[in-house]
Amino acid sequence: MGKFRIATWNTKQGVAPRQKEPELWKWIQETIDPDLIVLTEAKAPKAGFPQGWSGIWVPGGVGNRRPWGTVIAGRNLELVKTEFKRRKTKSEANRPNPATTFCVDVRLDGDVFCRVMGHYGLMLNSMDGFDALRLLHREIDDVISEHGDKKLIVAGDFNNWPDYVVDSFRNIGLTSVTDLRKTFPKLRDPQYGSRIWTHKNGPKASDGMRQELDFIFISKDLKKKFVTTKGGVGDYPDA
């Protein structure tokens, strides 16, 4: 096949939705135009996905207070939850929340085209982004133990700074596609290694802090097929 576009986007549907679902999906298709997308803080469309699309998610999300989670959606693709033996995650205490972090086999013409782990760095109670990252890596280790480290993509909102997140994936041989950019937009007051900004957090009066919290990581074999990347408000000013 030709080019295959993968994206991730925090929709904030569960916290502060700014557009209704039809408008969100119109923007996704017309502006991002992905073949595969990992949506975080997301809900599956009540009216169903647009024609040609399908998705996987956990109905009900994280729970009554957080009826959202991660949605992995593809266009003209077959998506199937990845089966693997739980090793490091045999204990539920060592697993990430199944509504925010799970793995999907992406099939094309009956074959596994790639395997994508969608992730949102959920921080409940006393947890922080580091706790969520540790649980994610245990899940990744189990998937790699079962299926190997080829054709693997990990994408989503990690709720942690690039300096910490990128290094943890470099240790297992996965590369952030943001690292593969040739140039970066001028970034005012970058936060802890941020190279682009995908979130602006803080009081409205302060204009918020520019933060890079969303990432896509790819395995070595997929890196060889890499073409180009876009991301952040610099590339999508109308997001």
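The paragraphs below set out a description of the structure included in this document. (Residues numbered from 1 in each chain as written. Predicted model: local features only at pLDDT ≥ 70, side-chain atom pairs only at ≥ 80, totals over all residues. Heavy atoms only, no water.)

## Here's the deal with a nonpolar patch on the surface
There is a patch of nonpolar side chains on the surface, built from Phe 130, Tyr 164 and Tyr 192 and spanning about 320 Å² of accessible area. Inspection of the secondary structure assignment puts Tyr 192 in the loop between strand E9 (175-176) and strand E10 (199-201). (Patch = residues over 30% accessible without salt bridge, like charges linked within 9 Å, V, L, I, M, F, W, Y side chains within 5 Å. Areas by Shrake-Rupley, 256 points an atom, 1.4 Å probe, with all protein chains shown as cover. Salt bridge = Lys/Arg side-chain N within 4 Å of Asp/Glu carboxyl O. Helix = DSSP H or I, 4+ residues; strand = E, 2+ residues; numbered from the N terminus.)

## Here's the deal with the layout of surface pockets
Here the second largest pocket defines a volume of roughly 180 Å³. The wall of the second largest pocket is formed by Lys 81, Thr 82, Phe 84, Arg 86, Glu 92, Arg 95, Pro 96, Pro 98, Thr 101, Phe 102, Cys 103 and Glu 139. No other element matches the three residues that strand E6 (residues 101-108) contributes to the lining of the second largest pocket. (1 Å grid on protein atoms, 1.4 Å probe; cavity = no way out; pocket = protein on both sides within 12 Å on 5 of 7 lines; lining within 4 Å. Points joined across faces, edges and corners; volume = space filled by probe spheres on them.)

## Notes on the pairing of E6
The buried fraction of E6 is high, at six of eight residues. Looking at chain direction, strand E5 (residues 78-81) and E6 are connected through four bridges and run antiparallel. Looking at E6, one finds that Lys 81 is bridged to Val 104. In terms of strand pairing, E6 meets strand E7 (residues 111-120) through eight bridges, oriented antiparallel. Counted as the bridge partner of Asp 105 is Arg 115 from E7. Connecting E6 to the next strand, E7, in antiparallel fashion are two residues, including Asp 109 with a positive phi near 55 degrees. (Buried < 20%, exposed > 50% of the residue type's maximum accessible area, 1.4 Å probe, protein only. Pairing = 2+ DSSP bridges.)

## So, the sheet that holds E7
Read across the sheet, six strands follow the order E5-E6-E7-E8-E12-E9 without closing on themselves; strand pairing throughout is mixed. In the strand order of this sheet, the two ends are held by E5 and E9, each with one partner. In this fold helix H2 (residues 129-147) packs onto E6, E7 and strand E8 (152-157), with an angle of close to 165 degrees to the strand it touches most, E7. Where helix H3 (residues 162-170) meets the sheet, it contacts E8, E9 and strand E12 (214-218), and its direction lies at approximately 15 degrees from that of E12. (Contact = heavy atoms within 4.5 Å. Axes fitted to C-alpha atoms, helices over the stretch in contact; angles between N-to-C directions.)

## With respect to the side chain of Ser 194
Mapped onto the elements, Ser 194 comes out in the loop between E9 and E10. A residue is classified by how much of its surface remains accessible, and Ser 194, at 7% relative accessible area, is buried. At 2.7 Å, the side chain of Ser 194 and the backbone oxygen of Gln 191 are in polar contact. Here Glu 212 takes part through its backbone nitrogen, which lies 3.2 Å from a polar atom of the side chain of Ser 194. Sequence-distant contacts of Ser 194, that is, excluding residues within four places in its chain, are made with Trp 161, Pro 162, Leu 187, Arg 210, Gln 211 and Glu 212. (Polar contact = N/O pair within 3.5 Å; in protein donor to acceptor, adjacent residues only side chain to side chain.)

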